[in-house]
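Examining the three-dimensional arrangement
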Amino acid sequence: RRRLLGRPRRPREVKMSGGDAKFFTSHKRGEVAEWREEINSTDKDVQKNAIKRIIANMSIGKDVSMLFPDVVNRAQTNDVELKKLVYLYLLNYARSQPELTILAVNTFVKDSADPNPLIRALAVRTMGCIRVEKITEYLCDPLQRTLTDEDPYVRKTAAICVAKLHDINPELVEDRGFVDQLRELLADANPMVVANAVAALTEIRDASAGDPRRIFQLNANNVYKLLAALNECTEWGQVFILDSLASYVAQDEADAKSVVERVTPRLQHANCAVVLSAVKVIMSQMRSITSSPETTRALVRKLAPPLVTLLGAECEIQYVALRNINLIVQKYPEMLTGEIKVFFCKYNDPIYVKQEKLETMVKLASEANIDQVLLEFKEYATEVDVDFVRKAVRAIGRCAISIEAAAERCIGILLELIGTKVNYVVQEAIVVIKDIFRRYPNQYEGVIGVLCDSLDTLDEPEAKASMVWIIGEYAERIDNAEELLEAFLDTFLEEAPEVQLQLLTATVKLFLKKPSGGPQALIQTVLNQATSETDDPDLRDRAYIYWRLLSSDPEAAKDVVLAQKPTIRDDRNALDPTLLDELLRQVSTLSSVYHKLPSTFVPDARARVAVAREDESPAAEQQSSAPLDVMNQQPSAPAPAPTGVDLLADLMGATAVAAPAPAVKCALAWNTPAGSKFAASPGSTVSECSSTKLTSWTTRRSPPLAVASALAGSDSASPPDADGPRSEAARPSRRARAFEGGVKSSSVSVAPMGDARSSAMASTATRPRRRRGMFPGGKRGPGHQVGRARAARSRGRTR
């Protein structure tokens with residue numbers, strides 16, 4: 001007890017396993033000279049111990065490059081262990097000592113012809129790992145000799161060395177015919193030589209410029225040689241061969257079935273990489289089996305058990321397997337429909353595994369299993385992890401959107417979760433119910449009363465925006481809609497931008513649906529705040545659009561703001577079919593984990609794409625590359641740039657009426673009903689849409705007029721200036737005021753906004769001009785002194 005209380009505890013020393021721990025404990029002066037003396041000793045054991053000490057100090061970061069010549073001299077020995085130690089030292093300091101590394105080239109060349117195959121392979125491997133261009137020309141002759149060596153161990157080592165040499169000097173590899181020698185090794189009798197040749201050819205093909213087929217292309221002759229070597233390879237050799245077989249395009253259906261039959265036993269392999277590579281090969285060959293749907297369904301059923309087995313491995317392997325499964329079930333959703341219980345989350349699963357299982361269950365949910373899936377999601381919504389609970393609530397909403405028959409049951413579960421009064425659960429449920437209203441309009445309005453009871457607990461912007469959208473969309477069915485919106489408008493300027501946008505739109509909807517009474521004052525207040533007291537351009541521009549619509553034509557405003565909205569669609573299969581096919585060719589690679597093509601996260605990378613892509617039509621490729629419109633899934637042309645805008649007049653703060661600008665295509669038709677008077681034909685222009693009553697106006701400095709008076713019959717109402725009333729700080733300069741006499745202007749057509757979307761819009765609003773060297777707020781910047789110095793020099797009074 002005295003020892004424990006009176007003395008500090010001695011730190012515990014880390015003991016290294018094995019007999020080489022003593023080489024890491026020597027830290028005395030003059031040890032470099034001692035090591036040099038031991039290296040030059042005649043005793044082999046002393047030399048080994050000295051080089052081990054040197055390597056031990058090298059591994060902990062100590063510089064021992066001064067011993068490079070002495071260590072290189074010890075390379076000329078017949079002791080395999082000593083030679084390995086010397087080569088290990090050379091690999092570390094070859095880059096920093098390239099001139100001295102050439103001294104060891106003769107030893108490498110001599111060892112490549114040694115009677116011992118281990119020394120021959122060691123010499124070739126070391127020369128390939130020394131990434132110094134000065135010795136690559138010395139490597140060619142020994143490498144060509146070892147590629148045809150009688151020992152398979154030397155040949156497989158030389159095959160990998162060719163890929164390393166290609167990384168250093170690609171032209172040299174092609175000129176000396178190393179690629180042709182690798183192709184010959186595909187017919188080697190040893191399966192490991194075949195696997196290494198495939199790995200080297202694949203790496204060279206992916207790194208080469210031009211047509212990859214000139215480097216490595218599978219055909220009927222060499223495919224079956226690879227299949228014959230598949231059963232006798234090691235695990236990683238099988239992965240290399242299977243990855244290459246995934247790019248093989250079968251000649252006919254019988255050929256594809258033969259390849260699938262030879263690869264199917266690999267699905268039962270213990271290595272997960274082999275299983276995923278075999279799944280990739282089978283899926284690639286299933287594209288060639290088109291005449292027999294029964295055969296395709298049978299192959300799909302065969303792929304289910306090995307994929308399920310992967311979920312019994314470690315957590316990291318489970319995550320990789322789940323990411324690949326999420327891709328596969330988008331292409332073949334019937335594959336794992338009956339195995340959905342396997343994806344139920346366990347209490348000890350990491351959060352990343354739980355989230356992937358949740359995503360997989362959403363994709364596999366159907367009318368047959370929706371009851372047990374919803375019970376599982378309801379259980380997840382009561383857990384401790386907040387992020388996982390939110391995803392579980394969202395998963396319930398996604399099931400309601402994708403499965404119409406289960407929408408009512410999903411609504412019931414969401415109402416039960418709202419009844420728990422857990423804040424983040426209630427807010428997430430409101431967001432989900434808003435999406436359900438978008439999917440099934442005018443069907444489940446009975447739950448709005450329950451949602452309104454939770455208004456006081458909302459503190460997240462997304463939940464507030466969703467609730468405001470619901471109030472504005474169903475304002476005619478909510479008796480106290482004005483009071484509910486007024487409660488939000490009390491803190492309008494402090495809300496998040498998305499909440500402000502929804503409040504603006506909801507107030508306009510309320511005014512259009514109930515034009516008499518309190519909404520008139522409400523709309524006037526929110527328009528004034530949105531146009532004069534906010535700095536958000538999206539909010540301000542949308543307010544100006546609504547103001548102009550309400551002032552000029554209330555009926556047109558109804559056609560725009562109260563137009564029927566497109567229903568949202570199922571997002572379970574979010575990937576584009578073309579992208580999905582490309583990612584399925586990358587199964588068992590990092591691309592399948594990221595769900596991105598290799599070219600998006602690896603610079604100068606070329607994806608391993610099957611030769612079958614040549615059969616795709618250019619029109620299809622062009623269509624897939626064009627941007628898709630979210631609403632109708634049609635390729636949309638890029639928006640034309642506005643022309644005819646007098647930028648100088650806009651920057652100088654001038655107002656104008658000049659020659660009419662070229663007409664801009666009308667962008668109002670997408671948000672209007674087909675039969676409304678506000679709809680425009682796809683090819684019409686703003687000037688042709690006479691019924692829209694959208695005309696460009698001259699910016700004025702007049703005070704804003706009430707919207708109510710405009711609706712009462714006043715035609716003189718116009719929106720206020722885009723910058724509000726002009727203050728003393730915003731007064732234009734004398735040059736700008738003089739320029740106003742020229743009366744120049746530009747007319748710009750304005751496109752309306754959607755209900756829940758913010759978009760940039762053209763505006764002729766004038767902005768106050770800032771003096772040179774002045775920061776916002778009137779602070780002087782570094783350019784201020786420069787301007788003063790220039791003015792002084794121009795007057796001849798330089799400092």
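None of these values were measured; they are calculated from a predicted model.

Calculation criteria
Residues numbered from 1 in each chain as written. Predicted model: local features only at pLDDT ≥ 70, side-chain atom pairs only at ≥ 80, totals over all residues. Heavy atoms only, no water. Helix = DSSP H or I, 4+ residues; strand = E, 2+ residues; numbered from the N terminus. Buried < 20%, exposed > 50% of the residue type's maximum accessible area, 1.4 Å probe, protein only. Contact = heavy atoms within 4.5 Å. Areas by Shrake-Rupley, 256 points an atom, 1.4 Å probe, with all protein chains shown as cover. Phe/Tyr/Trp six-rings, centres within 6.5 Å; stacked < 30°, edge-to-face > 60°. Salt bridge = Lys/Arg side-chain N within 4 Å of Asp/Glu carboxyl O. Axes fitted to C-alpha atoms, helices over the stretch in contact; angles between N-to-C directions. Parallel < 35°, antiparallel > 145°, perpendicular 65-115°, else oblique. Left-handed = near helix turned anticlockwise from the far one by under 90°. Nonpolar A, V, L, I, M, F, W, Y, C, P; charged D, E, K, R; others polar. Expected span 1.5 Å × (residues − 1). pLDDT = per-residue confidence, 0-100.

1. Describing the overall build of the chain
When helices and strands are counted, the chain shows 39 helices and 0 strands. Across the 799 residues of the chain, 46% fall into the buried class. Counting only contacts in the chain whose residues sit at least 6 apart along the sequence, the fraction spanning at least 24 positions is 66%. Of the accessible surface of the chain, which amounts to about 41200 Å², a share of 51% is contributed by carbon and sulfur atoms.

2. Considering the packing of aromatic side chains
The relative placement of two aromatic rings is captured by the distance of their centres and the angle of their planes. The final tally for this structure, using the stated rule, is 9 aromatic pairs. Where Tyr-87 meets Phe-108, the ring centres are 5.1 Å apart and the plane angle is 55°; that geometry is what we call tilted. Of the two residues, Tyr-87 is situated in helix α5 (residues 80-93) and Phe-108 in helix α7 (residues 105-111); the sequence distance between them amounts to 21 residues. For the pair Tyr-87 and Phe-108, one class covers both residues: buried. Here Phe-377 and Tyr-380 contribute two aromatic rings whose centre-to-centre distance is 6.3 Å and whose plane-to-plane angle is 50°, an arrangement assigned as tilted. Note that Phe-377 and Tyr-380 are positioned in helix α21 (residues 370-380) at a spacing of 3 residues, about one turn of the helix. The two residues Phe-377 and Tyr-380 agree in class, both being buried.

3. A few points about the pattern of salt bridges
In the structure shown here, the tally under the stated rule is 34 salt bridges. The salt bridge partner of Arg-409 is Asp-371, with a shortest N-O separation of 2.4 Å. Taken as a pair, Arg-409 in helix α23 (residues 407-419) and Asp-371 in helix α21 lie far apart in primary sequence, 38 residues in all. For Arg-409, a relative accessible area of 35% corresponds to the partly exposed category. Residue Glu-473 pairs with Lys-565 through a salt bridge whose shortest N-O separation is 3.3 Å. Linking Glu-473 in helix α26 (residues 461-473) with Lys-565 in the loop between α31 (554-561) and α32 (577-584), this pair joins segments that are 92 residues apart in sequence. A relative accessible area of 19% places Lys-565 in the buried class. Salt bridges sharing partners connect three or more residues here, namely Arg-390, Arg-394, Glu-428, Glu-460 and Glu-462.

4. Things to note about unusual backbone geometry
Unlike most non-glycine residues, Lys-421 shows phi in positive territory, near 65°. By the element assignment, Lys-421 lies in the loop between α23 and α24 (423-439). A relative accessible area of 62% means that Lys-421 is categorised as exposed.

5. A look at the packing of α24 against α26
Two elements in contact, α24 and α26, have axes whose closest approach is 8 Å; the angle formed by their N-to-C orientations is 40°. Considered as vectors, α24 and α26 are oriented oblique to each other. The handedness of the crossing between α24 and α26 is left-handed. Of α26, the residues touching α24 (which contributes Gln-427, Ile-430, Val-431, Lys-434, Phe-437 and Arg-438) are Glu-462, Ala-463, Ser-466, Met-467, Trp-469 and Ile-470.

6. Some thoughts on the packing of helix α14 (residues 220-230) against helix α16 (residues 253-263)
Running from N to C, α14 and α16 point in directions that differ by 15°, and their axes come no closer than 10 Å. Accordingly, the angle class assigned to the pair α14 and α16 is roughly parallel. In terms of crossing hand, the pair formed by α14 and α16 is left-handed. On α16, the residues that touch Val-223, Tyr-224, Leu-227 and Ala-228 of α14 are Asp-255, Ser-258, Val-259, Arg-262 and Val-263. Here the residues of the contact of α14 with α16 are counted per class, giving 6 nonpolar, 1 polar and 2 charged.

7. Observations concerning helix α9 (residues 136-147)
The end-to-end C-alpha distance of α9 is 16 Å, a good match for the 16 Å that 12 residues give at a rise of 1.5 Å each. Residues of α9 that are buried include every one of Thr-136, Leu-139, Cys-140, Pro-142, Leu-143, Thr-146 and Leu-147, and no others. In this fold, the buried residues of α9 make contact with α7, α8 (117-129), α10 (152-168), α11 (170-175) and α12 (178-185).

8. Description of the side chain of Thr-107
You can see Thr-107 is positioned in helix α7. Among the residues examined, Thr-107 registers a relative accessible area of 6% and is labelled buried. In this structure Thr-107 touches Ala-75, Gln-76 and Tyr-87, once residues within four positions along its chain are discounted.

9. Comments concerning the confidence of the model for the chain
The predicted coordinates should not be examined in detail at positions where pLDDT is low. Confidence in the prediction of the chain, expressed as mean pLDDT, is 74, and 71% of residues score 70 or more. Per-residue pLDDT, averaged within each element of the chain, yields its smallest value for helix α36 (residues 647-652) (30) and its largest for helix α20 (residues 351-364) (94). Note on residues 1-18: pLDDT is under 50 here. Beyond four places in sequence and across chains, it has 3 contacts. Long-range and interchain partners of residues 606-799, a stretch whose pLDDT sits below 50, account for 264 contacts in this model, where long-range means more than four residues apart.

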